[in-house]
Amino acid sequence: MTLKVGVIGTGAIGQEHINRLNNKLAGAKVVAASDIDAAAARAAVAKLAPGAKVHADGRAVIADPNVDAVVVTSWGPTHEEFVLAAIAAGKPVFCEKPLATTADACLKIVNAEIAAGRHLVQVGFMRRYDSGYRALKKAIDDGAIGAPLMVHCAHRNPSVPEAYVSSMAIVDTFIHEIDVLRWLIGDDYASAQVIVPRNTRLTHSKLDDPIIVMLATKSGIRIDGEVFVNCQYGYDIRCQVVGEDGVADLPEPQSVPLRREGRFSTAILQDWKLRFIDSYDVELQDWIDATKLGKVDGPNAWDGYFAAVTADACLEAQRSGAVVPIVTTPRPVFYDKG
C-alpha cells in the first residue's frame, strides 16, 4: 500500500518534506499540495512531485478523495484550522510544531481527536528521532545511571536576526527541549522559572540572551536549560543526565578529528538542519509506517498540548521572574500508552 499524502504549505520545510515523502522514503507519494502562494505551490510540485494536484487552499487538500493523510507545514497560526479539519475528515495528520499557537487551541484539538475516537494527530518534534537522543534514552530506560536526579542542557546557535525577540527563545528554540526532555526522562513538569544572566554584547534591546530555563518535574527532577542564540561559535546541542549511579551525556555528532598545524580539532556544525536532518527522515518514515497500521507512534496531540502549556508557563516566568506552576487538565485515558 502506498500512502497518498497531501501537503499544506510549500515553504522551505514543506518542500523538504515533499521531497522526503516523494523521493527519499518508502511507502508514500505526494498527490496534492497547497500554499497561500499558489505559484510557489505549483513550482514546488513541478520540481518535487510531478503530477500532484495543486489545490486553492488547505481545506481542499484535506477534502481531496485521493488524499489518505495530510502533512501540515503552513504558517503556525493556520495549524489549528487544518488539523481540526483533518480530524473531522477522519484523515491522519502530521503537523509541524506548533500543534497550535495557544494551549487552548491545542486542547481543542485534543478534545476533537478524542471525540473522533481514533488517534490521528502527530506533532513534528523531531528530536525524539535523533540517534543520539535515542541512545541516551535507552541508557536511562535500561537503568545504566539509576534514577535521574538532574538534567543539564544547552541550546546554542551562532546568531539570530534582529527580528528574533525574547519570547522566541522559548516558543521557537527551547520548545524542542520542552518536548524531548519530558520524553527522555518520562516525567511531566510541575513548575518553570527563567533566569536572565548578563546579556551578551551581541544581542539587541528586545532580546535577553542568554537565558536559563529551570524546570522541576513532578517526581522532583531538576532541569537547567541554557538558551544562547548568539554564541558565535556554532550550532551546539548538549544534554547531560545525572543519575543516582552515574552520568549519561548526549553523544556529539560524528566528525573527523584533525591534527594539523599544532592543533587537535573537530568541526562544530553551523546549521540546525545539518544537525537534525537525519531525524526528519526517520520521523516521517515512522509516521508513514504507523499511519498505514492506523496508529500514532510519535509525539501526539496531548504532547503538543503539554508543550504549549509548559511554554506559556516559561513565558510568564520570563516576564515575571517568578516560579510559575505548570498546570494542565488531567491526561485523558485516551492518551495512556500500553
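Every chain's residues receive numbers from 1 upward, in the order its sequence appears when written. It should be noted that, the model being predicted, local features are given only for residues of pLDDT at least 70 and side-chain atom pairs only at 80 or more, the latter also being counted only at that level, while totals for whole chains, interfaces and linings use all residues. The side-chain numbers reported here are obtained from all heavy atoms of the structure, hydrogens and water having been left aside.

Student: Explanation requested: helix 4 (residues 79–89) in the structure shown.
Tutor: Within an α-helix, residues lying three or four positions from one another point in the same direction, as the helix has 3.6 residues per turn. The set of residues buried in helix 4 consists of H79, F82, V83, L84, A85, A86 and I87. What makes two residues a contact is simply this: any of their non-hydrogen atoms within 4.5 Å. Each helix is a run of H or I in the DSSP string that is no shorter than four residues. Each strand is a run of E no shorter than two, and both are numbered from the N terminus. On its buried face, helix 4 sits against strand 1 (3–8), helix 3 (58–63), strand 4 (69–72), strand 5 (93–96), helix 5 (103–116) and strand 6 (121–124). Directly beyond the C-terminal end of helix 4, a positive phi value near 75° is found at G90. Relative accessibility decides the category of a residue: with a 1.4 Å probe and only protein chains considered, values under 20% of the type maximum give buried, values over 50% give exposed, and everything between is partly exposed.

Student: What is the right way to look at the sheet that holds strand 6 in this model?
Tutor: For sheets, the rule is that strands pair by backbone hydrogen bonds, running either parallel or antiparallel. At least two DSSP bridges between two strands are needed for those strands to be called paired. Spatial strand order, 3-2-1-4-5-6: 6 strands in an open sheet with parallel pairing. A single partner strand is all that each edge strand has here, and the edge strands are strand 3 (53–54) and strand 6. Bridge count for strand 5 against strand 6 is 4 bridges, and the pairing is parallel. Pairing of V93 across the sheet is with V121, part of strand 6.

Student: Hey, could you run me through the environment of G243 in this one?
Tutor: Looking at the secondary structure, you find G243 in strand 11 (residues 236–243). A sequence separation of 84 residues divides G243 from V327, and the C-alpha atoms of the two residues are 26 Å apart. For G243, the residues in contact, after removing those within four places along its chain, are I145, A147, P148 and L149.

Student: Looking at this structure, I do not really get the packing of aromatic side chains. What am I missing?
Tutor: The geometry of an aromatic ring pair comes down to the distance between the two centres and the angle between the two planes. For Phe, Tyr and Trp, where Trp contributes only its six-membered ring, two rings pair if their centres lie within 6.5 Å, and the inter-plane angle classes them as stacked under 30 degrees, edge-to-face over 60, or tilted in between. Per the counting criterion, the structure on display carries 6 aromatic pairs. Within the aromatic cluster, the residues linked to one another by ring pairs are W302, Y305, F334 and Y335. Over the ring of W183 we find K137, and its NZ or CZ is 5.2 Å from the ring centre. For the cation-ring pair, R182 lies above F306, with the distance from its terminal atom to the ring centre recorded as 4.3 Å. By the criterion adopted, a ring carries a charge over it if an Arg CZ or a Lys NZ lies within 6 Å of its centre and within 35 degrees of its normal.

Student: Quick question: what am I supposed to make of the nonpolar core here?
Tutor: Most often, soluble globular proteins keep nonpolar side chains buried together rather than apart. What we call a nonpolar core is a set of buried Ala, Val, Leu, Ile, Met, Phe, Trp, Tyr and Cys residues that are connected through their side-chain atoms within 4.5 Å. Judged by nonpolar contacts, the single largest core of 81 residues is most densely connected at I109, V121, L181, L215 and C239. By residue number, the principal contributor to this core is helix 9 (residues 301–320), which donates 12 residues. Leave out the neighbours within four places in its chain, and V121 touches V83, I87, V93, L99, I109, E113, V296, P299, N300 and A301. By size, the runner-up hydrophobic cluster in this structure holds 19 residues, among which are L3, V30, A52 and V71.

Student: What is the right way to look at helix 1 (residues 12–24) in this model?
Tutor: Every helix has an expected span of 1.5 Å times one less than the residues it contains. Between its first and last C-alpha atoms helix 1 spans 17 Å; for 13 residues at 1.5 Å apiece the expected length is 18 Å, and the two agree. Every buried residue of helix 1 is listed here: G14, H17, I18, R20 and L21. Buried residues of helix 1, viewed axially, fall in a sector of 160°; they line one side. Each element contacted by the buried residues of helix 1 is listed here: strand 1, strand 2 (28–34), helix 2 (38–48), strand 4, strand 5 and helix 8 (272–292). The directions from the helix axis to the C-beta atoms form the arc being described.

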